[in-house]
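# Summary of structural features
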Amino acid sequence: MGDFESLSEATSGAIGSLLSTTILYPLDTCKTKYQAEVRAHGQRRYRHLSDVLWEAISNGQFLSLYQGLGTKNLQSFISQFVYFYGYSYFKRWYLEKSGSKKIGTKANLLVAAAAGACTAIATQPLDTASSRMQTSAFGKSKGLWDTLTEGDWSNAFDGLGISLLLTSNPAIQYTVFDQLKLKLLKGNQASLSAFTAFLLGALSKSIATCLTYPAIRCKVMIQAAEADANNHDDNDDDDAEKKKKAKRKASKTLSGVVFAIWRKEGVTGFFKGLHAQILKTVLSSALLLMIKEKIAATTWVVLLAIRRSLLGQYGRLKSA
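Residues numbered from 1 in each chain as written. Predicted model: local features only at pLDDT ≥ 70, side-chain atom pairs only at ≥ 80, totals over all residues. Heavy atoms only, no water.

Per the stated rule, a full pass over the model turns up 7 aromatic pairs. Their ring planes at 5° and their centres at 6.4 Å tell us that Tyr-85 and Tyr-89 sit as a pair that is stacked. Here Tyr-89 and Tyr-85 lie together in helix H4 (residues 69–98), a separation of 4 residues that amounts to about one turn. For Tyr-85, a relative accessible area of 30% translates into the label partly exposed. Assessed through its relative accessible area of 34%, Tyr-89 is described here as partly exposed. Site record: aromatic cluster; members linked through ring pairs are Phe-81, Tyr-85, Tyr-89 and Phe-90. One residue, Lys-33, lies across the ring of Phe-138, its end atom 4.7 Å from the ring centre. In this structure, Lys-272 is placed above the aromatic ring of Tyr-34, and the distance from its NZ or CZ to the ring centre is 4.8 Å. (Phe/Tyr/Trp six-rings, centres within 6.5 Å; stacked < 30°, edge-to-face > 60°. Helix = DSSP H or I, 4+ residues; strand = E, 2+ residues; numbered from the N terminus. Buried < 20%, exposed > 50% of the residue type's maximum accessible area, 1.4 Å probe, protein only. Lys NZ or Arg CZ within 6 Å of the ring centre and 35° of its normal.)

Attention now moves to H4. Taking 1.5 Å per residue, 30 residues should reach 44 Å; H4 reaches 42 Å between its end C-alpha atoms and fits that length. With its phi angle positive at about 75°, Gly-99 sits one or two positions after the end of H4. (Expected span 1.5 Å × (residues − 1).)

Further remarks concern the environment of Thr-175. By the secondary structure assignment, Thr-175 is in helix H8 (residues 168–184). On the basis of relative accessible area, Thr-175 is assigned to the buried category, the value being 4%. A C-alpha to C-alpha distance of 8.2 Å links Thr-175 and Ser-204, two positions 29 residues apart in sequence. In contact with Thr-175, other than residues within four places in its own chain, are Thr-105, Asn-108, Leu-109 and Pro-170. (Contact = heavy atoms within 4.5 Å.)

Quick look at a nonpolar patch on the surface now. On the surface, Ile-15, Leu-18, Leu-19, Ile-23, Leu-74, Phe-77 and Ile-78 cluster together into a nonpolar patch covering about 530 Å² of accessible area. Those elements giving two or more residues to the nonpolar patch turn out to be helix H1 (2–23) and H4. Along the chain, Leu-74 turns up in helix H4. (Patch = residues over 30% accessible without salt bridge, like charges linked within 9 Å, V, L, I, M, F, W, Y side chains within 5 Å. Areas by Shrake-Rupley, 256 points an atom, 1.4 Å probe, with all protein chains shown as cover. Salt bridge = Lys/Arg side-chain N within 4 Å of Asp/Glu carboxyl O.)

Turning our eyes to something else, we now look at the side chain of Lys-280. With respect to the element layout, Lys-280 can be found in helix H12 (residues 274–319). Once residues lying within four places of it in the same chain are set aside, the contact partners of Lys-280 are Leu-24, Leu-27, Asp-28 and Lys-31.

Another point: the nonpolar core. Counting residues in hydrophobic clusters, the biggest one holds 17 residues, and the most contacted among them are Tyr-83, Tyr-87 and Tyr-174. Every element with two or more residues in this core is listed here: H4, helix H5 (105–135), H8, helix H9 (194–223) and H12. A per-element tally of this core places H5 first, with 4 residues. Dropping the residues within four chain positions of it, Tyr-83 is found in contact with Ala-112, Ala-115, Gly-116, Thr-119, Pro-170, Ala-171 and Tyr-174. In this structure, Val-38, Ile-162, Ile-216 and Cys-218 belong to the second largest nonpolar core, which totals 14 residues. (Core = buried A, V, L, I, M, F, W, Y, C linked by side-chain atoms within 4.5 Å.)

Quick look at the structure:
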């Protein structure tokens, strides 16, 4: 029954993630393109988040705000399924081994970090591909396979180190959410109201985002599509092309990104787009947790019905 509980948690979490990702995807695309640009203030193409939206609209490319949606949904669904399954599984394992009835804050952080690490490793190629698609020029995004095979397979894992570091983000978020949820639930109340779940999700994600934002921006820049990938001169000689590739490779390292931000934008550059990140991630996480809370019971009933049906068919086949 414990594994079935983990499966139910994972399924409801994945469905919630799928819906919230789709609803907020245009905002996510604008946010990602805004974060990926690193230029001195006077040379910026996007001075405000809304500039990305107006560029798409003025060029008749509004639908391009959805480029990479399929990949993002696939990554989001798998990511949340793996995370919620791992989180539920590790949490239950800890309680069984420790003999405790509830998990403390420190243990909860470790459990969430372990689940996040498994998630990052399993979904990094899809995460990288979706970022490249979103930061490509409007209307020029490639398909999933072409995006993943642009370079060697190691490029598909660009930003993995930072992704592992950022496991602290959901660890902080879900720990805050769970602890506040335990304090708010009273008596036989089984779940939070949709509005309360929304508020707790927003608060917990805001705290996590503010603490980890510099790493988030560095990750976006490492994974972003090359701005000049489609604008190079075909007459460049081999040496010039090799120098360009070496320069691009250096710019995709953590040290290269940190240096670029520091040199062109200063300390405040590490927080460029923080408001956009909070707006998107808070809404996304709040919607995810709200949807998950509301469909958890239904998901349990549906999966239980499917399980009974399969067991019944297996029993009939065995008796036959």
